[in-house]
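A look at the structure
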Amino acid sequence: MKITLKVWRQKNKDSKGAFKTYEHSHVSSDMSFLEMLDVLNEALIKKNEEPIAFDHDCREGICGTCSLYINGHPHGPLQTTTCQLHMRSFQDGATITIEPWRAKAFPVVKDLVVDRTAFDRIQQVGGYVNVNTGGVPDANEIPIPKRIADEAFDAAACIGCGACVAACKNASAMLFVGAKVSQFALLPQGKVEKKERVEKMVAQMDAEGFGSCTNTYACEAECPKGIKIANIARMNREYFGAMLSSYQVETDGGE
Ligand code: FES
C-alpha cells in the first residue's frame, strides 16, 4: 500500500504545532496502525529526522495508552483502540490525518502525545475500597445479583484512554468518571464510601477543566470498550444523592 500521512508535529507543549506531510510506501495491509508508524519512524531516523512521538504500551487493546485522532475520530474509523486498528481498514492511496487528542485538560506534550494525568488525579481522589472483605472465598460469599455484577464489570472495562473526551465537542470526561464511579457504587463493597467518592471525583473532574455532558452520545459511539452513557446518568444520580444527604446532615446538625 501507498499512503499519504498528514501528521501533527509539535516540538513541546509551549511551541506551536503544524501538520507535516509524509509519503509512506512501505505499508502492508496486515500492519497495525502503530506498526505503520514504527516503519515510518525507522525511515525518519535513517534520514536523521526526528521520529514522530506517539503513546503506546501493551498494543493489545487493554492498557488505554494509545491515543491517536485519525481522520476525525479518536482511534480511527473503527470502534477499537489505535493499536488494534489495521491498515486494511484504509484504501491504497488514502490520505490519513493524524492528530493528538484535543482537550484543554489533555495538553500536548510532544507531537501526538498528550498529558492524560488528569485522569489519574480523578481516580486518585476517588480512593479505593477500604472495606475489609477478608480472603477471596469470604468476598465471594457476598451475594451479588448477576445483573448488577455484569453492570459493574462492564463499567470496569473502561481502560481510561480518553477517547470519550476527544470525541466530545465539550471535552467532557463524564463517561470516564461515570464508569469509574459505577464500577464501585454498584457493588456492596463499594457502596460504603460511594458518597464521598462521587463528590470528590466530580469536584476533581471540574477542577481539571473538563466540559459538561450535553448528551450528544459521541463518547459512547467512539468508546473502544463500549462503555454505555447510562454510566453518566448513574453518576449524576449518585452525585445528587450524595449532595442531598450532605445537605440533610448539615441541616439536621444545625437544629
Ligand atoms: S497500546 Fe495498550 S490499548 Fe493500545
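Chains are numbered independently. Their residues run from 1 in the order of the written sequence. The predicted origin of the model limits local features to residues at a pLDDT of at least 70 and limits the giving and counting of side-chain atom pairs to 80 or more, whereas totals for whole chains, interfaces and linings rest on all residues. Values reported for side chains reflect all heavy atoms of the structure, with hydrogen atoms and water molecules removed beforehand.

Turning next to the overall build of the protein. Under the scheme used here, helices are H or I runs from DSSP no shorter than 4 residues and strands are E runs no shorter than 2 residues, and both carry numbers assigned from the N terminus. Regarding its fold elements, the protein presents 10 helices and seven strands. Along the first, second and third principal axes, the C-alpha set of the protein runs to 75 × 40 × 30 Å. Burial classes: relative accessible area under 20% of the type maximum marks a residue as buried, over 50% as exposed, and values in between as partly exposed (1.4 Å probe, protein chains only). Out of the 255 residues belonging to the protein, those deemed buried represent 44%. The contact rule is simple, with two residues in contact once any of their heavy atoms fall within 4.5 Å. The long-range fraction of contacts in the protein, counting pairs at least 24 apart against all pairs at least 6 apart in sequence, stands at 68%. Here the protein has roughly 13300 Å² of accessible surface; of this, 52% comes from carbon and sulfur atoms. In the protein, the 29 positive side-chain charges and the 32 negative ones have mean positions that sit 5 Å from each other. Calculation of accessible area relied on Shrake-Rupley with a 1.4 Å probe; when residues are assessed, cover is drawn exclusively from the protein chains displayed. Positive charges come from Lys and Arg alone, negative charges from Asp and Glu alone, with His and the N- and C-terminal ends not counted. Charge positions come from single atoms, namely NZ of Lys, CZ of Arg, CG of Asp or CD of Glu.

Moving on, we come to the domain arrangement of the protein. Domain delimitation in this document rests on an assignment produced automatically or drawn from a domain database. You can read the domains of the protein as domain 1 (3-110) and domain 2 (116-254). One C-alpha centre belongs to domain 1, the other to domain 2, and the line joining them spans 30 Å. With 20 residues of domain 1 at the contact, the number on the domain 2 side is 22 residues. Here the quantity called buried area is the total loss of accessible area, with a 1.4 Å probe, experienced by two parts when brought into contact, counted for both. Buried area between domain 1 and domain 2, summed over both chains or domains, comes out near 1500 Å², and the portion from carbon and sulfur atoms is 58%. It is Gln 79, Ala 105 and Phe 106 that lose the most area in domain 1 upon contact with domain 2, and together they represent 37% of the buried surface on that side. Only one rule defines a salt bridge in this text: a Lys or Arg side-chain nitrogen within 4 Å of an Asp or Glu carboxyl oxygen. At the boundary of domain 1 with domain 2, the tally comes to one salt bridge. As used in this structure description, the phrase polar contact means that two N or O atoms lie within 3.5 Å; if the pair is within protein, one of them must be able to donate a hydrogen and the other to accept it, and residues adjacent in sequence are counted only when both atoms belong to side chains. There are 10 residue pairs in polar contact (both at pLDDT 80 or more) connecting domain 1 and domain 2. Each residue gets one of three labels, nonpolar for Ala, Val, Leu, Ile, Met, Phe, Trp, Tyr, Cys and Pro, charged for Asp, Glu, Lys and Arg, and polar for the others, Gly among them. Tallied by class, residues from the side of domain 1 that touches domain 2 come to nine nonpolar, nine polar and two charged.

All right, on to the nonpolar core then. Among the nonpolar cores identified, the biggest contains 38 residues, and Phe 106, Phe 119, Ile 122, Val 165, Val 177, Met 205 and Phe 210 are the most heavily contacted of them. Among the secondary structure elements, those contributing two or more residues to this core are α2 (117-126), α5 (163-167), α6 (174-185), α8 (194-207) and α10 (230-254). The leading source of residues in this core is α6, at seven residues. The residue makeup of this core includes at least three contributed by each of domain 1 (3-110) and domain 2 (116-254). Sequence-distant contacts of Val 165, that is, excluding residues within four places in its chain, are made with Ala 103, Phe 106, Phe 119, Ala 171, Ser 172, Ala 173 and Phe 210. The criterion is simple. A nonpolar core is a set of buried Ala, Val, Leu, Ile, Met, Phe, Trp, Tyr and Cys residues joined through side-chain atoms within 4.5 Å. The next biggest cluster of nonpolar side chains, apart from the first, holds 26 residues, and it includes Trp 8, Met 36, Cys 83 and Phe 90.

Moving on: the packing of helix α4 (residues 146-156) against α6. Between α4 and α6, whose axes approach to 8 Å, the crossing angle comes to 145°. Between α4 and α6 lies a crossing whose hand is left-handed. Facing α4, whose interface residues are Ala 152, Ala 155 and Ala 156, α6 presents Ala 179, Ser 182 and Gln 183. Its residues placed into classes, the contact of α4 with α6 shows four nonpolar, two polar and no charged. Between N-to-C directions, angles cover 0 to 180 degrees, with each direction set by a line fitted to C-alpha atoms, over the stretch in contact for helices. In this scheme the crossing of two helices becomes right-handed for a clockwise turn of the near helix relative to the far one and left-handed for an anticlockwise turn of less than a right angle.

Two strands are counted as paired when DSSP detects at least two bridges linking them. Strand order across the open sheet formed by five strands is β2-β1-β5-β3-β4, with mixed pairing between neighbours. Of all the strands in the sheet, the pair left with one neighbour each is β2 (18-24) and β4 (73-74).

Helix length check: α6, at 12 residues, gives a terminal C-alpha distance of 15 Å against a target of 16 Å (1.5 Å per residue), a fit within 8%. In terms of burial, α6 is a largely internal element, 11 of the 12 residues being buried. The set of residues buried in α6 consists of Met 174, Leu 175, Phe 176, Val 177, Gly 178, Ala 179, Lys 180, Val 181, Ser 182, Gln 183 and Ala 185. One less than the number of residues in a helix, times 1.5 Å, gives the span that helix is expected to have.

The next subject is the packing of α6 against α8. Axis separation between α6 and α8 bottoms out at 10 Å; the angle between their running directions is 170°. In terms of axis orientation, α6 runs roughly antiparallel to α8. Seen from above, α6 lies across α8 with right-handed handedness. Across the interface between the two elements, Met 174, Val 177, Lys 180, Val 181, Phe 184 and Ala 185 of α6 pack against Lys 194, Arg 197, Val 198, Met 201 and Met 205 of α8. Split by residue class, the contact of α6 with α8 holds eight nonpolar, no polar and three charged. Each angle receives one of four descriptions, namely roughly parallel if under 35 degrees, roughly antiparallel if over 145, roughly perpendicular if within 65 to 115, and oblique otherwise.

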